[in-house]
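One-letter residues, chain by chain:
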Amino acid sequence: IKPNNFNCYVYLAEDSIYCDRVNTQKTFMSITKDVAKGITSYDPKGEKDKRGAYISSSVNLGNTTTIGAQSIVGDNSTFGTRSSVKHSVIGNNCVFGDKCKVDNSIVLDNVHVEDGVIIKNSIICSG
């Protein structure tokens, strides 16, 4: 008879260190939102603007496009006119057409989104 042994490993971090485990889509979204809120030790690229969004200096925003609080937009991403991003993370080299809306979502690198598309509560990748 084999005993029921198991190993348990623990890392005790300082109180100021953020630590979590990503093992589901829900926890992936939750941790990514924490990064966008600025409550982790990770500092996204770009300066935090007056609304609380991190927007890379290489981003091209169309006329009247808005990036809301708790959002991150990566390098070389482009937005058409009248688009909006709220509580979301946009990767590098993404292209959004006119009148796109992204809410509470993660759009990974190199995604191309056509005019008028609404992305909500989603994780989107290229391919």
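Per chain, the residues get numbers from 1 upward, laid out in the order the sequence is written. In keeping with the model being predicted, local features are shown solely for residues with a pLDDT of at least 70 and side-chain atom pairs are shown and tallied solely at 80 or more, while totals for entire chains, interfaces and linings include all residues. Side-chain measures here rest on the full set of heavy atoms in the structure, leaving out hydrogens and waters.

A. Expanded view of the overall build of the chain. Here a strand is any run of E in DSSP of at least two residues, a helix any run of H or I of at least four, and the numbering for each starts at the N terminus. Counting its regular elements, the chain contains one helix and 14 strands. Per-residue burial for the chain yields a buried fraction of 35% across its 127 residues. Two residues form a contact once any of their heavy atoms are found within 4.5 Å. Sequence separation of at least 24 residues holds for 8% of the intrachain contacts in the chain that already meet a minimum separation of 6. Each accessible area value is a Shrake-Rupley result obtained with a 1.4 Å probe; residue values ignore everything except the protein chains displayed when judging cover. As displayed, the chain has an accessible area near 8,600 Å², and 50% of this comes from carbon and sulfur atoms. Buried residues are those whose accessible area, probed at 1.4 Å on protein chains only, stays under 20% of the maximum for their type, while exposed residues exceed 50% and partly exposed ones sit between those limits.

B. Expanded view of unusual backbone geometry. Unusually for a residue other than glycine, Asn104 sits at a positive phi of about 55 degrees. Relative to the elements of secondary structure, Asn104 occurs in the loop between strand E10 (101-103) and strand E11 (106-107). For Asn104, a relative accessible area of 18% puts it in the buried group. Notably, Asn110 is not glycine yet its phi reads approximately 65 degrees, a positive angle. Tracing the backbone through its elements, the reader meets Asn110 in the loop between E11 and strand E12 (112-113). Assessed through its relative accessible area of 41%, Asn110 is described here as partly exposed.

C. The arrangement of the pattern of salt bridges in detail. The term salt bridge refers to a pairing of a side-chain nitrogen on Lys or Arg with a carboxyl oxygen on Asp or Glu at a separation within 4 Å. What the rule picks out here adds up to one salt bridge. Across the pair Lys120 and Asp103 runs a salt bridge, and its minimum N-O distance is 3.6 Å. Of this pair, Lys120 sits in strand E13 (residues 118-120) while Asp103 sits in strand E10, placing them 17 residues apart in sequence.

D. The arrangement of the packing of aromatic side chains in detail. By convention, a stacked pair of Phe, Tyr or Trp rings (six-membered ring in the case of Trp) has centres within 6.5 Å and planes under 30 degrees apart, an edge-to-face pair has planes over 60 apart, and any other such pair is tilted. This model, assessed by the stated rule, comprises one aromatic pair. With 4.7 Å between their ring centres and 5 degrees between their planes, Phe79 and Phe96 make a pair best called stacked. Of this pair, Phe79 sits in strand E6 (residues 78-79) while Phe96 is found in strand E9 (residues 95-96), placing the two residues 17 residues apart along the sequence.

E. Expanded view of the environment of Asp103. By relative accessible area, Asp103 is classed as partly exposed at 24%. Between the C-alpha atoms of Asp103 and Gly68, which are 35 residues apart in sequence, the distance is 9.5 Å. Excluding residues that lie within four positions of it along the chain, Asp103 makes contacts with Lys86, His87, Ser88, Ile119, Lys120 and Asn121.

F. Summary view of the sheet that holds E10. Here, strands pair whenever DSSP counts at least two bridges between them. Judged by pairing direction, the sheet is parallel, and its four strands sit side by side in the order E4-E7-E10-E13 without closing on themselves. Strands at the two margins of the open sheet, each flanked by one partner only, are strand E4 (66-67) and E13. Of the pairings in the sheet, the one linking E4 to strand E7 (residues 84-86) comprises two bridges and is parallel in character. Considered in E7, the bridge of Ile67 is made with Val85.

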